[in-house]
Amino acid sequence: MSFQKPKGTQDFLPGTVEKWQYIEEKARELCRRFRYSEVRTPIFEHTELFVRGVGETTDVVEKEMYTFVDKGDRSISLRPEGTAGVVRAYAENKLYGEPDVTKLFYIGPMFRYERPQAGRYRQFHQFGIEAFGSADPRLDAEVIALGYLFYKELGLKNISVDVNSVGTPEIRAAFREKLLGFLAPMKEELCKDCQSRMDRNPLRVLDCKQDQAKFEGAPALLDSLDEDCRSHFDIVLRSLDQMGIPYHVNPKLVRGLDYYTHTAFEFKAEGIGAIDTIGGGGRYNGLVGDIGGQDQPGVGFGLGMERLVLILEHQKVDIPDRQQLDVYVIALGEAAEQEAASLLYRLREQGLAADKDYQERKMKAQMKSADRFRSRFVAILGEDELAKGEIILKNMADGSQQSIPLAEAAETAARLCKQG
Ligand code: HAM
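Here's a quick rundown of the structure. A quick note: this is a predicted structure, and the numbers were derived from the prediction, not measured. (Residues numbered from 1 in each chain as written. Predicted model: local features only at pLDDT ≥ 70, side-chain atom pairs only at ≥ 80, totals over all residues. Heavy atoms only, no water.)

What follows deals with the sheet that holds strand β2 (residues 44-46). Here we have three strands laid out as an open sheet, ordered β2-β4-β3, and antiparallel in their pairing. The strands lining the two open edges of the sheet, one partner per strand, are β2 and β3 (67-69). Going from strand to strand, the sheet's axes swing by 35 degrees on average, the running direction of each strand aside. Judged from the three bridges that link them, β3 and strand β4 (residues 75-78) form a sheet pairing that is antiparallel. Bridged to Thr 67 within β4 is Ser 77. (Pairing = 2+ DSSP bridges. Helix = DSSP H or I, 4+ residues; strand = E, 2+ residues; numbered from the N terminus. Axes fitted to C-alpha atoms, helices over the stretch in contact; angles between N-to-C directions.)

Moving on: the packing of aromatic side chains. Inspection of every chain in the model, using the stated rule, returns 15 aromatic pairs. Plain terms: the ring middles of Tyr 259 and Tyr 284 are 5.7 Å apart, the flat faces sit at 70 degrees to each other, and that makes the pair edge-to-face. Separated by 25 residues along the polypeptide, Tyr 259 in the loop between β8 (248-249) and β9 (263-272) and Tyr 284 in the loop between β10 (275-283) and α9 (287-290) bring together distant segments of the chain. Through successive ring pairs, a cluster of aromatic residues spans Phe 105, Phe 127, Phe 150, Tyr 151, Phe 265, Phe 267 and Phe 301. Here the guanidinium or amino end of Arg 122 rests over the ring plane of Tyr 113, the centre of that ring lying 3.9 Å away. One residue, Lys 356, lies across the ring of Tyr 358, its end atom 4.6 Å from the ring centre. (Phe/Tyr/Trp six-rings, centres within 6.5 Å; stacked < 30°, edge-to-face > 60°. Lys NZ or Arg CZ within 6 Å of the ring centre and 35° of its normal.)

Scanning all chains against the criterion turns up 29 salt bridges. With its nearest N and O atoms 3.5 Å apart, the salt bridge here joins Arg 197 to Asp 59. With Arg 197 in helix α7 (residues 192-200) and Asp 59 in helix α3 (residues 59-63), this pair connects stretches of sequence that are 138 residues apart. Both residues of the pair, Arg 197 and Asp 59, count as buried. Across the salt bridge formed by Asp 234 and Arg 230, the nearest N and O atoms sit 3.4 Å from each other. You can see Asp 234 and its partner Arg 230 sitting in helix α8 (residues 227-243), four residues apart, about one turn around the helix. Look at Arg 230 and you get partly exposed, because its relative accessible area is 34%. (Salt bridge = Lys/Arg side-chain N within 4 Å of Asp/Glu carboxyl O. Buried < 20%, exposed > 50% of the residue type's maximum accessible area, 1.4 Å probe, protein only.)

A few words on the site of the ligand. The environment of the ligand is made up of 26 residues, and the closest members are Glu 81, Thr 83, Glu 114, Glu 130 and Tyr 260. For the ligand, a nitrogen atom lies 2.8 Å from a polar atom in the backbone of Tyr 121. For the ligand, whose free accessible area comes to 660 Å², the fraction covered by protein is 96%. (Near = heavy atom within 4 Å. Polar contact = N/O pair within 3.5 Å; in protein donor to acceptor, adjacent residues only side chain to side chain. Areas by Shrake-Rupley, 256 points an atom, 1.4 Å probe, with all protein chains shown as cover.)

Next up on the list: the packing of helix α5 (residues 137-154) against α8. Contact geometry of α5 with α8 gives a least axis separation of 8 Å together with a crossing angle of 45 degrees. The orientation of α5 with respect to α8, classified from their angle, is oblique. The element α5 and its partner α8 pack so that their crossing is right-handed. Contacts between α5 and α8 involve Pro 137, Arg 138, Asp 140, Ala 141, Glu 142, Ile 144 and Ala 145 on the former and, on the latter, His 232, Ile 235, Val 236, Ser 239, Leu 240 and Met 243. Residue classes in the contact of α5 with α8 are distributed as eight nonpolar, two polar and three charged. (Parallel < 35°, antiparallel > 145°, perpendicular 65-115°, else oblique. Left-handed = near helix turned anticlockwise from the far one by under 90°. Contact = heavy atoms within 4.5 Å. Nonpolar A, V, L, I, M, F, W, Y, C, P; charged D, E, K, R; others polar.)

Here the phi dihedral of Lys 316 falls at roughly 55 degrees; this positive angle occurs in a residue that is not glycine. Residue class for Lys 316 comes out exposed when judged on its relative accessible area of 73%. Located in the positive-phi region is Arg 374, a residue other than glycine, with phi close to 50 degrees. Considering the arrangement of structural elements, one finds Arg 374 in the loop between α12 (363-372) and β14 (377-381).

Relative to the helices and strands, Gln 294 resides in the loop between α9 and β11 (298-304). A relative accessible area of 43% places Gln 294 in the partly exposed class. Taking C-alpha positions, Gln 294 is 22 Å from Gly 167, a pair spaced 127 residues apart along the chain. For Gln 294, the contacting residues outside a window of four places in its chain are Tyr 96 and Val 288. Only 3.1 Å separates the side chain of Gln 294 from the side chain of Gln 296, close enough to count as a polar contact.

Right, let's talk about the nonpolar core for a bit. Tyr 36, Phe 127, Ile 129, Phe 150, Tyr 151, Phe 215 and Phe 267 are the most contacted members of the largest nonpolar core, which has 96 residues in total. Examining the composition of this core, we find that 10 residues originate from one element, α5, more than from any other. Beyond its immediate sequence surroundings of up to four residues, Phe 150 is in contact with Ile 23, Lys 26, Ala 27, Leu 30, Phe 127, Leu 303 and Leu 308. Counting residues in hydrophobic clusters, the runner-up holds 23 residues, among them Val 329, Ala 379, Ile 391 and Ile 404. (Core = buried A, V, L, I, M, F, W, Y, C linked by side-chain atoms within 4.5 Å.)

Structure follows, in structure tokens:
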């Protein structure tokens, strides 16, 4: 019997996984620069958390959650996104007691039962950040800046940032009526999705790609903002201007999750078929209170890692290959093999990436392995060398070689590797 992975999931094998590690390291390093600390929350939560947090009428909650009843008769869901769990952890652990703005980040798998296609999976990964405890619009700009810098430092080209303000729930409720007034006469002409969205979540109708042409002259949420919302949005934009982050105000941008207030934004890049959104986020004042904590404003983003990797590949961005070895040890003969095992251990003790053959292959095959691993040095230990208590250390870049006393081999190799 043979097994296949479940639909919409992926195996990340050596050769690819190094790219992921590199991207994750970049995320961690950038978070350190912006003072975001890592948080790890459960991969499953009580279903009710997502119903309340993400919104009952969102596609994510209505159609896409992996929900099951556990043996204790509780309804549990695999997390479809990171924000609700982090907000729960923030409230449950009373992190709002901290004097400073709480800045958290996470990297991990999320689960949505969606129709898989390029860039869309049922298990996917997000790098996300969430900042709590301040309603300052400059914090919204900081969140956008961190995402932008992340993409930029990875070498991604042509990233665009779409920004909008979705106001407050009160403003949205009034706008909803206005929008329904505009949409009602054309309801029959709209696609099925739009028709059902009109009943459940009318703001998302404007998001529809298929019916876009019909929405010419539709009322814009941006025009319905009150003075507070307008001024919040203006400061976000001014801060982005001052940081030199290019953006595009997109009045039609409404995110698929219900919790946003004020700023909503998306990062876009071309390169994976119909999908162009590689990350998104926004402010969510009110969510902490809704989930049961002391009310605190929050803002954050979630960036899709699979989409990022696909676009980096599409744009042929070079990601450093960390598979490279420092030293490949070649031993010839039983006695040399024995000595090589301890040399290898000492090389690794010195902090070098080193390996040897374990299949008794000929010298030529071992040299090929050294090439395959792009080893910087090859340490050759034959019977002659062993008799003299030496090894030959060959520099693979220029072909030069030198004999080194076996007892000093590890230290010397480490010194040479550090010299570059
Ligand atoms: P989201 O827009 O639902 O937002 O997802 C963020 C990103 O996750 C998307 O832009 C996309 O790159 C990736 N993504 C979503 N679904 C899939 C999928 N099925 N396959 C591959 N990638 C996917 C959120 O999740 C919010 N929690 C973001 C946030 C954080 N807002 C505030 N804080």
